Protein chains: 2
Amino acid sequence: MSLLPHPATEEIQLAEVLRALADPVRLEIVDRLSREGELTCTGLGSEVGLHKSTMSHHYRILRESGLTLTRQEGRRKFIRLRREDLEKRFPGLLESVLDALERTGPQG
Amino acid sequence: MSLLPHPATEEIQLAEVLRALADPVRLEIVDRLSREGELTCTGLGSEVGLHKSTMSHHYRILRESGLTLTRQEGRRKFIRLRREDLEKRFPGLLESVLDALERTGPQG
DNA sequence: CAAAAAGTTGGACGCTCATCAAACTGGCTC
DNA sequence: GAGCCAGTTTGATGAGCGTCCAACTTTTTG
């Protein structure tokens, strides 16, 4: 039940994925999603300390790049990584980023 | 032969590498370097069609991020990818990007 | 020594982007 | 239905970035 626009797996663009990953806030979002699985917007925003509209902006970039999938349930939206889709489209790419995040953390 | 400032392998930062890759011009530079090996600045700039100072700007971002190594020889500078260093620091990351570039090209 | 060749640097311009605040939308609850 | 809840959208602001041009440095060549 996803009302929001997501790119199909074959339509995911490398440059857009890399651009979406090239921001420390979004890297931290991706890091948390990889460790904690599916999260709501408020669940994600609670530890970041930015305005909710700023977070919404980042969710959109992540979603439109193809990195995340957003599912609506009631008035909440659950966000998760599209790990399988990205593995099909760009094998090893997301997983190596997640591995790098585990090694050095979002700031390293 | 004074060497330019390059980060040590352990000092390469994930966010900086991703930011360096998040530009279509730099992605094309990385693509050409991966297919043709070591190239000079003019060799790289010949097919891109941007001003040489603009290219110089991109070379610096790539070098300072840790993606490339620049070696001076006479009045020319040779640029190549730091594939082994990056493999040590972030296993699979650069190689998966290069693989993605081979599949879809710098614009896909 | 003068001129060319290969890049770099600094300034300027326009555009994008991250951020916040306020208003808005759709869904739930009392 | 009134009011709250979870996010989004719009507008404004300030910082950063990609690009070009001109001037500069360094190295090679005539």
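Described in the following lines is the structure provided in the data block. From a predicted model like this one, the values you see are computed outputs, not experimental measurements.

## Considering the interface of chain A and chain B
The extent of an interface is frequently quoted as the accessible surface area lost upon association of the parts. The partner chain B presents 24 residues to the 24 residues of chain A that form the contact. Where chain A abuts chain B, roughly 1800 Å² becomes buried across the two surfaces, and 68% of that area is made up of carbon and sulfur atoms. On the chain A side of the interface with chain B, the three residues burying the most area are Leu14, Leu18 and Pro91 of chain A, jointly 25% of the side's total. Put simply, chain A and chain B have 0 salt bridges between them. Where chain A packs against chain B, one counts 0 residue pairs in polar contact (both at pLDDT 80 or more). The greatest single-element share of the side of chain A that touches chain B, amounting to 8 residues, is contributed by helix 6 (residues 93–104) of chain A. Counted by class, the side of chain A that touches chain B contains 13 nonpolar, 6 polar and 5 charged residues.

## Points about the sheet that holds strand 1 (residues 39–40) of chain A
Residue and element names in this part refer to chain A. The sheet built from 3 strands is open, its strands ordered 1-3-2 with antiparallel pairing. A strand with exactly one partner marks an edge of an open sheet, and here the two such strands are strand 1 and strand 2 (68–73). Inspection of the sheet shows strand 2 paired to strand 3 (residues 76–81) by 6 bridges, in the antiparallel sense. Considered in strand 3, the bridge of Thr68 is made with Leu81. Sheet strands in contact with helix 2 (residues 24–36) are strand 1, strand 2 and strand 3, and its direction is about 90° off that of strand 3.

## Some details on the relation of the copies chain A and chain B
Take chain A, turn it by 180°, move it 0.0 Å along the axis, and it overlays chain B with an RMSD of 0.1 Å. Classification of the inter-copy transformation places it as that of a two-fold axis. A share of 100% of interface residues in chain A that are also interface residues in chain B marks the association as one of identical surfaces.

Rules used in this analysis
Residues numbered from 1 in each chain as written. Chains lettered and ligands numbered in written order. Predicted model: local features only at pLDDT ≥ 70, side-chain atom pairs only at ≥ 80, totals over all residues. Heavy atoms only, no water. Contact = heavy atoms within 4.5 Å. Buried area = accessible area lost by both parts, 1.4 Å probe. Salt bridge = Lys/Arg side-chain N within 4 Å of Asp/Glu carboxyl O. Polar contact = N/O pair within 3.5 Å; in protein donor to acceptor, adjacent residues only side chain to side chain. Helix = DSSP H or I, 4+ residues; strand = E, 2+ residues; numbered from the N terminus. Nonpolar A, V, L, I, M, F, W, Y, C, P; charged D, E, K, R; others polar. Pairing = 2+ DSSP bridges. Axes fitted to C-alpha atoms, helices over the stretch in contact; angles between N-to-C directions. Least-squares fit on C-alpha atoms with pLDDT ≥ 70 in both.

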